[in-house]
Amino acid sequence: MLTLLAVSATAQVDSLEILDYSDKKEYEIGGVEVIGAVNRDRNAIKSIAGLKVGEKITVPGPEIAKGIKALWRLRLFSDVQIVQTKTLGEVIFLEIRLVERPTLSRFSYVGVKKNKHKDLNDIVNAVVSKGSIVTDDQKNLCVVRIKEYFMGKGRLDTEVKVNEFPDEVKKGSIRLQFEIDTKERVKVEDIYFHGNTVFKDRKLRRKMKNTKRKGTWFRKTKYVQSEYQEDKQSLIALYNTKGYRDAKIESDSIWRNEEGNINISITFDEGNQYYFRDIKWKGNSKYTDDQLTSILGISRGDVYNPELLESRLRYSLDGRDISSFYLDDGYLFFDIQPIEVAIISDSIDIEMRIFEGPQATIENVTIAGNDRTHEHVIRRALRTKPGRKFSRSDIIRSQREIINLGYFNPEALDIQTPVNAQRGTVDINYVVQEQPSDQLELSAGYGGASGLIGTLGVTFNNFSVANLRNKKTWSPLPQGDGQKLSLRIQSNSRFFRSYNFTFTEPWLGGKRPNSFTLGMVYSDFDYSSFAQGKLGILRGFVGLGRQLKWPDDFFSSSTTLTLENISLDDYARGQFFVQGENNRNVNVTRGNYRNFSIRQVISRSSVSEPIYPRRGSRISLSIQLTPPYSLFRSDDFYVLSDDERQVRIDQENRERGVTNIMTPQEEDFFIEEEELANKFSFLEYHKWRFDAEWYFNLFGNVVLAANAKIGLVGAYNSDIGVSAFERFELGGDGLSNQTVGITGKDILALRGYEVSDIPQNNLGGATIFDKFTLEMRFPLSLNPSSSIYFTTFLQGGNAWGSFRDFNPFDIQRSAGVGARIFLPMFGLLGFDYGFGMDRNLADGTPWSDYGKFSIVLGFEPD
């Protein structure tokens, strides 16, 4: 065996020609062959090595060494050799022998949940890419970046190990496995403060928004270096707001205890408290010193507060700042710099150095991104017009109007203002992103004896009548002009049918924001097979609205004329009570009732985001009136004569049959109901509603919402009394049901209570009500394709039959939680769980029965 190995080795050596390196000789390259570069361009390798056929090289010489070094520098190979295969006279043939490094085919993670993989993929892909060579430096960098990622989540002791395996699927490739052990989250055990006399420890800890110690409610405790540095800056800013401009953190210490948690110690040097003294203005020609001082709102002797000073100079949320004062008057190039010119004892003199510059004029206003909505729909909502002076408030108002259209993603709205300083002009570019605005209502349910109930409704919020003949604009109906078309059908084919149509043109005539609304509703209930009669309602309405300029242009006015006919034929399923003789409540079950009314609404809305309002308010006052028919009729107009009474009694007895003839008492009740039906054949009433909503952005996107609602129905003539219709029903989830939702009653939700829990609902509805709500809203997602937020609420309200029974302190209280999901295609979906604190339940009822779930479908209940 040893002999055979020696012979084999000798044969391999003899296959290569051995040169005598003591004798330099020049050769011409006759050929170059590359071996081992399976995944690389061989011509490129030859070029990089600098060895070309026909060129001269010296052996031994520098050319071969340079070629080897050039290939090593690529870091693509684990072995590089250049070998002479043969020589023919002065011609040499070379062979480049390479061993390729494996490329990365894939990577995976062990020890972490899948919800972290996406973030980790972004980290690793930023360092290495699939199909490339992976070096040790790159693997080490991945380890560092992954550790930094988990340290940012409070996992300070995270360990990462990189395992490299040959890829069994792809030859010549490797796969990396990142073995991650995040360990336990390192918590902040406690935070100690020293040297603080101005603020208590509790106040300082609250100011540290990111670094919280153990035991803090609703916040995870963790230590992140970058966030800790931000919190230290917040502490100094807190001192600055109280005049301690020289306050600083003298030292801070961080150490780990035996459990591995972190303790933090911060020592302050508070310094002295300072005050404003003299504030002088320099460079102002447009406005006087007194005008600017009045807007600034800072007086001599006030505590020196740089944060307040900056907010009064630039971009205050309420618009009370010097910059807004100038920018609203076209001074786009305006700048102001507060300079501390003197510090005397504890007082500071400030000089406001102003550069007013020229007034800028709007040159071009462009709109981009509106793929479906016609440009004139957006342009007519803008307050910025070419040729006008630049105004910051006009841009803010234009932004609000675009969002309120409901056709565009509010989060993606971009307003660009490129400036031409030489010409003193500015262009305003509005970049919008279309979002779905149409809504579909499709539902079915089983209602026991009522059978299957189906609902189909569509609302096209960006409809276009003008494009009815233009098939290219149909998607699925013509769109782009901002008109609104709503169609709704509800039926169970046996007892109930309802049809609803509404059309709104927001800019009647196209020149002014004067809206025109036209609609019709027809509903029919037939329960005669249950001996419970019939109910039919036909309603038509037309409305005109316009934007007002006084007191400001947030006000609007709308006037609606309604013609309605309500037909009852022994209808026993409703509760339409009126007051009869001897103050007896009579349930109206028959007759035709005509409701001709005009409704006037004055409202003011400064809310800029209708789906999730963060600031602003909505306030409206409405009055609905019918003609006062009774004032023009005699007292005996509604009283039946003896002959008329007898005729109606005889007719009723014939319909009943000889076996069911009315008794004398039943005849009296029958005539009383007939006279009441005659009395209310033309409904007369005056109806008032006041609604107010306020929104406050507390922090981040968390919003506090408060609203109040009050309503009253009155009669012109006390002898006639209040109508059985157009009353209020308070309670339940506010969803319209089959029997009362379409009969002229205002349906108002009261979370935590059933409709029957409010006594007045069982007596035909209320003539006066009040309702108050306080909500805290927490958004989970504000994406326009699915806006989701949670809410906690306090609510109270009640309803009464007359004004003399009204007691504003008699409130049915509730508290609870809820959630809302807004899907553009389906509108608002959600639920509430309300705990009715004042429900009148039987003694011994468990506390769980005081709670009630409410469903929200398609709209926010009133």
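The following paragraphs examine the structure supplied in this document. (Residues numbered from 1 in each chain as written. Predicted model: local features only at pLDDT ≥ 70, side-chain atom pairs only at ≥ 80, totals over all residues. Heavy atoms only, no water.)

## Things to note about the nonpolar core
Considering soluble globular proteins, one finds that nonpolar side chains tend to be buried as a cluster.
Then comes step 1: Ranked by internal contacts, the top residues of the largest apolar core, which has 32 residues, are Leu 535, Leu 568, Tyr 571, Phe 576, Tyr 593 and Phe 725.
Then comes step 2: If you list the elements that add at least two residues to this core, you get strand S23 (534–547), strand S24 (555–569), helix H14 (664–679) and strand S31 (728–730). (Core = buried A, V, L, I, M, F, W, Y, C linked by side-chain atoms within 4.5 Å. Buried < 20%, exposed > 50% of the residue type's maximum accessible area, 1.4 Å probe, protein only. Helix = DSSP H or I, 4+ residues; strand = E, 2+ residues; numbered from the N terminus.)

## A word on the sheet that holds strand S7 (residues 173–181)
Then comes step 1: Spatially, 3 strands are ordered S5-S7-S6 in an open sheet, and the strand pairing comes out mixed. Looking at which strands have only one partner, the edges of the open sheet turn out to be strand S5 (103–110) and strand S6 (159–166). Within this sheet the neighbouring strands show an average axis-to-axis angle of 20°, counted without direction.
Then comes step 2: Looking at chain direction, S6 and S7 are connected through 8 bridges and run antiparallel. (Pairing = 2+ DSSP bridges. Axes fitted to C-alpha atoms, helices over the stretch in contact; angles between N-to-C directions.)

## Overview of the sheet that holds strand S11 (residues 275–282)
Then comes step 1: Pairing is mixed across the open sheet formed by 3 strands, whose spatial order is S11-S13-S12. Looking along the sheet, the strands with just one partner apiece sit at the ends: S11 and strand S12 (335–344). Direction aside, the axes of adjacent strands within the sheet are offset by 25° on average.
Then comes step 2: With 9 bridges connecting them, S12 and strand S13 (residues 347–355) associate as antiparallel partners. Bridge pairing links Ile 343 to Ile 348 in S13.

## Digging into helix H12 (residues 392–405)
Then comes step 1: With 14 residues, H12 ought to run about 20 Å at 1.5 Å a step, and its terminal C-alpha atoms sit 20 Å apart, in line with that.
Then comes step 2: Looking at H12, one finds that the buried residues are Arg 392, Ile 395, Arg 397, Ser 398, Arg 400, Glu 401, Ile 402 and Ile 403.
Then comes step 3: The inward-facing, buried residues of H12 contact helix H10 (322–327), helix H11 (375–379), strand S15 (414–416), strand S17 (425–431), S23 and strand S27 (591–605).
Then comes step 4: Of the residues flanking the end of H12, it is Gly 406, one or two places downstream, whose phi is positive at about 85°. (Expected span 1.5 Å × (residues − 1). Contact = heavy atoms within 4.5 Å.)

## Describing the packing of helix H2 (residues 42–49) against helix H3 (residues 62–73)
Then comes step 1: For the pair H2 and H3, interaxial distance at closest approach is 8 Å and the crossing angle is 125°. Viewed along their axes, H2 and H3 adopt a mutual orientation that is oblique. In this structure, H2 uses Ile 45, Ile 48 and Ala 49 to contact H3, whose residues at the interface are Gly 67, Ala 70 and Leu 71. (Parallel < 35°, antiparallel > 145°, perpendicular 65-115°, else oblique.)

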